[in-house]
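This is what each chain is made of:
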Amino acid sequence: MKLDKGLFHPTHSQHQGLKLEYTITPFHCDGCKEAGIGLKYTCKQCDFDLHKACAVAVPSNIFTHPFYPRCEFKLCYHPPGPGRRRCDACHKEVLGFTYHCKRCDFDLHPCCANLPQVLNDGENNLYLSHKFAYPCHHCGGKGRGWSYRSENKLYNLHVSCVKELLLESWQATYFNVDKNKVRNLQTDIPKLKGSGARRSGGNVSKKAGFALRTIVSAVLGDPSAILAAAIGGFLSL
């Protein structure tokens, strides 16, 4: 899809239009209130940022998703209804922009709604799934929400777990919460369960790291190979 280098957005009217920018520095999206990296639309005057997926979404358009063929999603700038809502992909709270299906009462963060069905970490395909045939290699459970599963079925990670790990890492890096949590992104996830992981030893850890970086880049809104490599350097701090 061709992207405009600049655009005006209804939620940002105090200054001139937003400019398209590519960054490997984490940012907070002022639309969905989620973390981001990679392509964003930004206003330097007031430090206003939007994910690409949040910026180009149009409230009047109907959005459909292959996981929910009966749903007709429309973008809302604020969570609909009086109660707390959760994204049906990552099960994190909806705090800002959301795709909402009024008929089914489903919600999707814009970046979650645009997660690729297939990723490639350089060696294996990673498939997005909303069914849980295998436990997550981080939390150990099947849980709720979407996950990415590798083609060889060795790695399975909840989108929600990736977000939690990423948040811990950024807290450790930028707010000095616990520096060890940055290293845990690489040491915890490769401890995969199952005989295949035990037989492969360190090779599994290396491949799991590639898978993690690729999934992280997708969750943050830009599943590019260049960004995955940059995230690899960030996670190894």
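Residues numbered from 1 in each chain as written. Predicted model: local features only at pLDDT ≥ 70, side-chain atom pairs only at ≥ 80, totals over all residues. Heavy atoms only, no water.

Under an unreviewed UniProt entry, the chain has the name Phorbol-ester/DAG-type domain-containing protein and belongs to Heracleum sosnowskyi.

Student: Which parts of the structure should I look at to understand the overall build of the chain?
Tutor: For the chain, the count of helices and strands is seven helices and twelve strands. Considering the chain as a whole, with its 237 residues, one finds that 45% of them fall into the buried category. Look at the contacts in the chain between residues 6 or more apart in sequence, and 47% of them connect residues 24 or more apart. As presented, the chain carries roughly 12,100 Å² of accessible surface, and 52% of it is formed by carbon and sulfur atoms. (Helix = DSSP H or I, 4+ residues; strand = E, 2+ residues; numbered from the N terminus. Buried < 20%, exposed > 50% of the residue type's maximum accessible area, 1.4 Å probe, protein only. Contact = heavy atoms within 4.5 Å. Areas by Shrake-Rupley, 256 points an atom, 1.4 Å probe, with all protein chains shown as cover.)

Student: Looking at this structure, how should I read the environment of Thr11?
Tutor: Within the secondary structure, Thr11 sits in the loop between β1 (6–7) and β2 (18–28). Here the alpha-carbon distance between Thr11 and Tyr77, two residues 66 residues apart in the chain, equals 8.2 Å. When neighbours within four sequence positions are excluded, Thr11 is seen to be in contact with Phe48, Tyr77 and Phe97. Here His9 takes part through its side chain, which lies 2.8 Å from a polar atom of the side chain of Thr11. (Polar contact = N/O pair within 3.5 Å; in protein donor to acceptor, adjacent residues only side chain to side chain.)

Student: How should the environment of Val219 be read in this particular structure?
Tutor: As for its placement among the helices and strands, Val219 is situated in helix α6 (residues 202–219). Residue Val219 is classed as buried on the basis of its relative accessible area of 7%. Residues Val219 and Pro116, spaced 103 residues apart in sequence, show a C-alpha to C-alpha distance of 9.4 Å.

Student: In this structure, what is going on with the sheet that holds strand β6 (residues 68–76)? I would like to understand it.
Tutor: In any sheet, the strands associate via hydrogen bonds between backbone groups, in a parallel or an antiparallel arrangement. Here four strands make up an open sheet; going across it, the order is β5-β6-β7-β8 and the pairing antiparallel. The two strands at the open ends of the sheet, each matched to only one other strand, are β5 (63–65) and β8 (106–108). In this sheet, neighbouring strand axes are inclined to one another by 35° on average, regardless of whether the strands run parallel or antiparallel. Pairing analysis gives two bridges linking β5 to β6, with the strands arranged antiparallel. Note on β6: the bridge partner recorded for Phe63 is Phe73. (Pairing = 2+ DSSP bridges. Axes fitted to C-alpha atoms, helices over the stretch in contact; angles between N-to-C directions.)

Student: Explain the side chain of Ser129 to me, please; I cannot follow it from the model alone.
Tutor: Turning to its location among the elements, Ser129 is positioned in strand β10 (residues 125–129). Separated by 2.9 Å, the side chain of Ser129 and the backbone oxygen of Lys131 make a polar contact. If sequence neighbours within four positions are ignored, Ser129 has contacts with Phe67, Trp146 and Ser147.

Student: I keep staring at the pattern of salt bridges and nothing clicks. Help me out?
Tutor: One side chain can pair with another of opposite charge once the charged atoms of both are near each other. A full pass over the atoms with the stated rule returns eight salt bridges. A salt bridge links Asp49 to Lys40, with the shortest nitrogen-to-oxygen separation between them at 3.2 Å. Residue Asp49 is classed as buried on the basis of its relative accessible area, which comes to 5%. A salt bridge links Arg85 to Asp107, with the nearest nitrogen and oxygen atoms 2.5 Å apart. Remark: Asp107 occurs in strand β8 and Arg85 occurs in the loop between β6 and β7 (98–101); sequence separation between them is 22 residues. (Salt bridge = Lys/Arg side-chain N within 4 Å of Asp/Glu carboxyl O.)

Student: What exactly am I supposed to notice about the packing of aromatic side chains here?
Tutor: What characterises a pair of aromatic rings is the spacing of the ring centres plus the angle enclosed by the ring planes. By the definition in use, this model includes seven aromatic pairs. Centre to centre, the rings of Phe67 and Trp146 are 4.9 Å apart; their planes meet at 90°, and the pair counts as edge-to-face. Residue Phe67 is located in the loop between β5 and β6, and its partner Trp146 is located in the loop between β10 and β11 (147–150); the two are separated by 79 residues in the primary sequence. Trp146 gets classed as buried once you look at its relative accessible area, which sits at 1%. An aromatic cluster of three or more residues is present, and its members are Phe63, Phe67, Tyr68, Phe73, Tyr99, Phe106 and Trp146. (Phe/Tyr/Trp six-rings, centres within 6.5 Å; stacked < 30°, edge-to-face > 60°.)

Student: Got a minute to help me understand the environment of Ile62 in this structure?
Tutor: Examined against the element boundaries, Ile62 turns out to sit in the loop between α1 (52–56) and β5. Measuring from C-alpha to C-alpha, the distance between Ile62 and Lys74 comes to 5.3 Å, with twelve residues separating the pair along the chain. Once residues lying within four places of it in the same chain are set aside, the contact partners of Ile62 are Glu72, Phe73 and Lys74.

Student: Whenever I open this one, the sheet that holds strand β4 (residues 48–51) confuses me. Can you help?
Tutor: An order of β1-β2-β3-β4 is seen for the four strands of this open sheet, with the pairing classed as antiparallel. Each end of this open sheet is capped by a strand with a single partner; those strands are β1 and β4. Both strand β3 (residues 35–43) and β4 contribute to a ladder of four bridges, which runs antiparallel. Among the inter-strand pairings, Cys43 is bridged to a residue of β4, identified as Phe48.

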